[in-house]
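# Geometric and topological summary
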Amino acid sequence: MDDDTPPFFYVMNYASEAEGDVIDMVSGNPDWEPPEALREGLREYADAETDQFQYPPSVGLRELREEIAKRRGVDISQVIITNGAGEANHLAMAGGLEAVDGNEIILADPVYPYYDGRTSLLDAEKTLIPVDKDGHLNPETVHKRASEETAVIVVNSPNNPMGVTYDGDAIEQLLGVAEEYDALLVSDEVYDHFDYSGRFTSALSFDSPNRIVTNSFSKSMAVTGWRVGYAIFPREDRPAPYNELVDSARTRHMLTNVAISRPAQASVLRALRETDPSYYEAVREQMVERIDRFTSALDAAGAEYTEPEGSFYVMARFPGLPGTMENIEMLIDEAGVAGMPGEAFGDSRSDWMRFALVSPRVEEAAQRLAEFFE
Ligand SMILES: Cc1ncc(COP(=O)(O)O)c(C=O)c1O
């Protein structure tokens, strides 16, 4: 692997070129159906008038923003439709760094690699705080490490890659740290529909100007390729500098994207309005079943793992097989299972491996691992 290849692409490539049959547990791409209304919305869009094929408002379709604002209990002026949660996170982190004093971004280790890369891209000072033994970032540790230099604290709940979910107390405490240091809490809630613990609490539940919430439909509607997400900024009647965040994000968004695809937004809107909660419940149930089968096999393989409370990921550590890239290659070649090396997510779980449960073949994968470690 050369230094410029992101580990994710390297593993995908290695797995696709491997000789035998390999079960892909690398990506975060859902393998299940999107809501039916989403497919219908896209079909219908093909026959729309030509004016519906032209530029939408830069901040997003008004009706979609209204629908999101209503569901999230915020004002429509706070909502910007983005190119997935990826762009939403970028607007939040870049905007936070620009608006408040300090140049430090605090991240959990293990870290979702895009936060790490974006922190470097933005020339910010990076502080990675190792998660506790149970996989959570401890708000008290964050409090001890934060200072006047801190501009942004990023939390992702339910979490990639640890599979944990933060409860309301933890989010409130992290928000308290942001408030104490005039910083911003960026809460990435892209897996909010995938909480199996019942403890998920959105940062929107707390009234504070020191938070930006990001989300998308990539995972909840199984459409990572559609690129529709959103960010919710502090209201414009909040004190400075928080009141300015939404406007500077509108500018940054417009200058980099112009706008987000109209058909994608329109069909997401239709799906939001017409999809019954049972769709999300069924997907969650499927994931709980997969977690159960996979972790039973991990038990059989003598592996240590964090009990998944949310998201699609299981971090596991196998006896005598640290999560290096070489060992990931070995598991691909000899067990026919592709995961991600823990070292791709920072230092604190570098001897672990991450498996994404986005394949109908998780049971088979688990059996292959159990047999390999027998
Ligand atoms: C924690 C986290 N945030 C953001 C994203 C990106 O989401 P989107 O496809 O909406 O840009 C992912 C995708 O895997 C993710 O795991």
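Per-chain numbering applies: the sequence of each chain, read as written, is numbered from 1 onward. Two thresholds apply to this predicted model, a pLDDT of at least 70 for residue-level local features and 80 or more for giving and counting side-chain atom pairs, whereas whole-chain, interface and lining totals are computed over all residues.

## Describing the packing of helix H4 (residues 84–99) against helix H5 (residues 113–121)
- Contact geometry for H4 and H5: axes closest at 11 Å, N-to-C directions at 40°. The angle between the axes of H4 and H5 places the two elements in the oblique class. Seen from above, H4 lies across H5 with right-handed handedness. Of the residues in H5, those touching H4 at Gly 86, Asn 89, His 90 and Met 93 are Tyr 114, Tyr 115 and Arg 118. Axis lines are fitted through C-alpha atoms, for helices just across the contact stretch, and the angle between N-to-C directions can take any value from 0 to 180 degrees. Secondary structure elements follow DSSP: runs of H or I no shorter than four residues count as helices, runs of E no shorter than two count as strands, and numbering proceeds from the N terminus. What sets the label is the angle itself: under 35 degrees gives roughly parallel, over 145 gives roughly antiparallel, 65 to 115 gives roughly perpendicular, and the rest give oblique. For any helix crossing, the convention is left-handed if the near helix is rotated counterclockwise from the far helix by under a right angle, and right-handed if that rotation is clockwise. For every residue pair, C-beta atoms are placed from the backbone, and the pair is scored as a contact if these atoms sit within 7 Å.

## So, the UniProt feature "domain: Aminotransferase class I/classII large" (unreviewed entry) in the chain
- UniProt's feature table lists "domain: Aminotransferase class I/classII large" (unreviewed entry) at residues 21–368, given in the numbering used throughout.
- Span residues 21–368 is 39% helix and 16% strand, its end C-alpha atoms 11 Å apart. UniProt positions are given in the numbering used here, feature names are shortened, and annotations may be inferred rather than shown by experiment.

## Side note on the sheet that holds strand S8 (residues 229–232)
- Here we have seven strands laid out as an open sheet, ordered S2-S8-S7-S6-S5-S3-S4, and mixed in their pairing. Either end of the sheet is taken by a strand with one partner, and the two such strands are strand S2 (79–82) and strand S4 (125–130). On average, each strand axis in the sheet is tilted by 20° relative to the strand beside it, whichever way the strands run.
- The pairing criterion is simple: DSSP has to find at least two bridges between the two strands. Two strands pair when backbone bridges link them, and strand S3 (residues 104–109) and strand S5 (residues 150–156) are joined in this way by three bridges, in the parallel orientation. Looking at the pairing, Glu 104 lines up with Thr 150 of S5.

## Notes on the domain arrangement of the chain
- Splitting the chain by domain gives domain 1 (7–34 + 277–372) and domain 2 (38–274).
- Bear in mind that the domain bounds are from an automatic or database domain assignment. The distance between the C-alpha centroids of domain 1 and domain 2 comes to 26 Å.
- Broken down by secondary-structure element, the contributors of at least two residues to the side of domain 1 that touches domain 2 are helix H10 (277–300) and strand S10 (313–317).
- For the side of domain 1 that touches domain 2, the leading source of residues is H10, giving four residues.
- Taken together, the residues that form the side of domain 1 that touches domain 2 break down as 13 nonpolar, eight polar and six charged. Gly counts as polar in this scheme, as do all residues outside two lists: the nonpolar Ala, Val, Leu, Ile, Met, Phe, Trp, Tyr, Cys and Pro, and the charged Asp, Glu, Lys and Arg.

## Concerning the pairing of strand S13 (residues 353–356)
- Our exposure labels follow a C-beta count within 10 Å of each residue's own C-beta, placed from the backbone: buried means 20 or more other C-beta atoms, exposed means 12 or fewer, and partly exposed covers the counts in between. Alternating residues of S13 divide into Met 353 and Phe 355 and Arg 354 and Ala 356, and every residue in both groups is buried.
- Pairing of S10 with S13, which is carried by four bridges, proceeds in the antiparallel orientation. Paired with Ala 316 across the two strands is Met 353, which belongs to S13.
- Two elements, strand S12 (residues 340–341) and S13, share two bridges in a ladder whose sense is antiparallel. Within S13, the position partnered with Pro 341 by the bridge is Met 353.

## Describing the site of the ligand
- As a matter of local geometry, the ligand sits amid 13 residues, with Gly 84, Ala 85, Gly 86, Ser 216 and Ser 218 nearest to it.
- When residues of the shell around the ligand are assigned to their parent elements, the largest contribution, three residues, is made by H4.
- Grouping the amino acids of the shell around the ligand by side-chain chemistry returns three nonpolar, nine polar and one charged. For each residue, a C-beta atom is placed from the backbone, and the residue counts as near a molecule or strand when that atom lies within 6 Å of it.

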